[in-house]
Amino acid sequence: MKNEIIGVVGATGKTGGRVLTQLQQLGYSTRGLSRGISGNNHRTFDWSDRSTWVAALQGLDSVYVTYFPDLAVPSAEDDIRAFVEMAKASEIKHVVLLSGRGEEGAQRAEDVVRSSGLAWNIVRASWFMQNFSESFMHDGLKAGELVLPEPKATEPFIDVDDIADVVVAALTRHELRNQLLEITGPELLSFVDCVDIIGHASGREIGFTTLPVDTYLAAAKADGLPEDIAWLINELFVNVLDGRNESTTDTVERVLGRPARRFESYVMSVASTGIWDEEKQVMES
Ligand SMILES: NC(=O)c1ccc[n+]([C@@H]2O[C@H](COP(=O)([O-])OP(=O)(O)OC[C@H]3O[C@@H](n4cnc5c(N)ncnc54)[C@H](OP(=O)(O)O)[C@@H]3O)[C@@H](O)[C@H]2O)c1
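Being a predicted model, the structure only gives us computed values, none of them experimental. (Residues numbered from 1 in each chain as written. Predicted model: local features only at pLDDT ≥ 70, side-chain atom pairs only at ≥ 80, totals over all residues.)

### A look at the overall build of the protein
Within the protein, the regular secondary structure consists of 11 helices and nine strands. In terms of overall dimensions, the protein is globule-like: its C-alpha atoms have a radius of gyration of 19 Å, near the 19 Å expected for 285 residues. Taken along the three principal axes of its C-alpha coordinates, the protein extends 55 × 50 × 40 Å. Considering the protein as a whole, with its 285 residues, one finds that 40% of them fall into the buried category. (Helix = DSSP H or I, 4+ residues; strand = E, 2+ residues; numbered from the N terminus. Rg over C-alpha atoms; globule rule 2.2 N^0.38 Å. Buried ≥ 20, exposed ≤ 12 C-beta atoms within 10 Å, placed from the backbone.)

Here it is in structure tokens:
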């Protein structure tokens, strides 16, 4: 099986980067795919330019798929349908799709993969812990105040390293094929809990302000937030964070034989890198 080539779509992203590194460390042949990736064993792939897909997929045996910006957006179902058709034409045998919990658009894309006739896995994840350190919440935390649309529910945040471990298991362990792997962290936390834990670990006072979603989006759009990302923020904060995901699963432990990582443990390891430290002001002479 190690002679087969595993493709990773979104290979420079939060999960894709970790999955690619792990597969390489385990001795698998890999191909990283994204718009900007370059070098040996990588190929250009752009969701918005299907002419890039044929060369990107040719010769792959299996593929891990992360959609951008999110599987919940309206274009995802059609893109995933076209992707699956091209994967079949390229004789790819197994597709592992990263999905989001409780997202109706994502579930339509999941159905396309499940009914494709290919071997499949859906890795359906809760909100990532790394949204606080590698994504849209990082800048606010660093600046000392996180501003968000009012979240209506608690969330079982999951460590992206746990997601990568489960994805690698799905890609490499035959007995896991054709299963939905719904994965969460081990505990429900509010955003206030998370900001408190991060502030405590980094020795800083970090404020947390919530705004009505319309007020938040109007300000963000005035600052240049693209329409599709504004749609996504509304979908996530209004429709998905409504309490439907206020439960945990034991899938990480069932697949990996160890429990999912706790938020506090993620924060302690990340805080020690200085990622949430206040930006130093440059003194003008
Ligand atoms: N964040 C969460 O809490 C959460 C929770 C559940 C599920 N998810 C799912 O996670 C997925 C995102 O995965 P991720 O967080 O690992 O990725 P990510 O960190 O958002 O990284 C995006 C990756 O996609 C590539 N990319 C961006 N635009 C692209 C395009 N037009 N065509 C092809 N590649 C493109 C980027 O590389 P280039 O810039 O080089 O193209 C990069 O490799 C989404 O589908 C979302 O539904 C997220």
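### So, helix α3 (residues 76-89)
Between its first and last C-alpha, α3 extends 20 Å over 14 residues, near the 20 Å set by a 1.5 Å rise per residue. Within α3, burial applies to A76, D79, I80, F83, V84 and A87. For α3, the angular spread of the buried residues around the axis is 135°, confining them to a single face. Structural note: α3 exposes D78, E85 and A89 on the side pointing more than 90 degrees away from its buried face. On its buried side, α3 packs onto α2 (53-57), β4 (62-65), β5 (94-100) and α4 (104-114). (Expected span 1.5 Å × (residues − 1). Arc of directions from axis to C-beta. Contact = placed C-beta atoms within 7 Å.)

### Details of the site of the ligand
With respect to spatial proximity, 26 residues lie near the ligand, and among them G10, G13, T15, R35 and G36 are the closest. Where the shell around the ligand is concerned, the elements lending two or more residues are α1 (14-25) and β5. A total of three residues in the shell around the ligand trace back to one element, the largest contributor, which is α1. For the shell around the ligand, the class distribution of residues is 11 nonpolar, 11 polar and four charged. (Near = placed C-beta within 6 Å. Nonpolar A, V, L, I, M, F, W, Y, C, P; charged D, E, K, R; others polar.)

### Here we look at the pairing of strand β1 (residues 5-9)
Taken across its five residues, β1 has four buried, putting it largely inside the fold. Bridge analysis of β1 against strand β2 (residues 29-34) gives five bridges, and the strand direction is parallel. Across the sheet, the residue bridging to G7 is R31, located in β2. (Pairing = 2+ DSSP bridges.)

### Quick word on the packing of α3 against α4
Two numbers describe how α3 lies on α4: the axes approach to 8 Å, and their chain directions differ by 15°. As far as their axial angle goes, α4 and α3 are roughly parallel. Judged by the sense of rotation from one axis to the other, the crossing of α3 with α4 is right-handed. Of the residues in α4, those in contact with A76, E77, I80, R81 and V84 of α3 are G105, R108, A109, V112 and V113. Residue composition of the contact of α3 with α4, by class: six nonpolar, one polar and three charged. (Axes fitted to C-alpha atoms, helices over the stretch in contact; angles between N-to-C directions. Parallel < 35°, antiparallel > 145°, perpendicular 65-115°, else oblique. Left-handed = near helix turned anticlockwise from the far one by under 90°.)

### Focus: the nonpolar core
With 69 residues, the main nonpolar core has V65, V95, V123 and V167 as its most contacted residues. For this core, the leading source of residues is helix α6 (residues 160-172), giving eight residues. Setting aside chain neighbours within four positions, we find V167 in contact with T15, V19, Y64, V96 and V123. (Core = buried A, V, L, I, M, F, W, Y, C linked by C-beta atoms within 7 Å.)

### Overview of the environment of R124
Mapped onto the fold, R124 is located in strand β6 (residues 119-125). R124 gets classed as buried once you count the C-beta atoms within 10 Å, which come to 23. Placed 22 residues apart in sequence, R124 and G102 show a C-alpha to C-alpha distance of 9.0 Å. Each residue touching R124, except ones within four places of it in the same chain, is listed here: S99, G100, R101, L180 and E182.

### Quick word on unusual backbone geometry
Omega for the bond connecting F68 with P69 falls within 30 degrees of zero, at 5°, which places this linkage in the cis form. Mapped onto the elements of the fold, P69 is located in the loop between β4 and α3. If you check the backbone angles, E91 has positive phi at about 65° while not being a glycine. Positionally, E91 belongs in the loop between α3 and β5. Using a count of 11 C-beta atoms within 10 Å as the deciding quantity, one classes E91 as exposed. Not every positive phi belongs to a glycine, and N178 is a case in point at roughly 60°. In this fold, N178 is placed in the loop between α6 and β8 (179-183). The exposure class assigned to N178 is exposed, which follows from the 11 C-beta atoms found within 10 Å.

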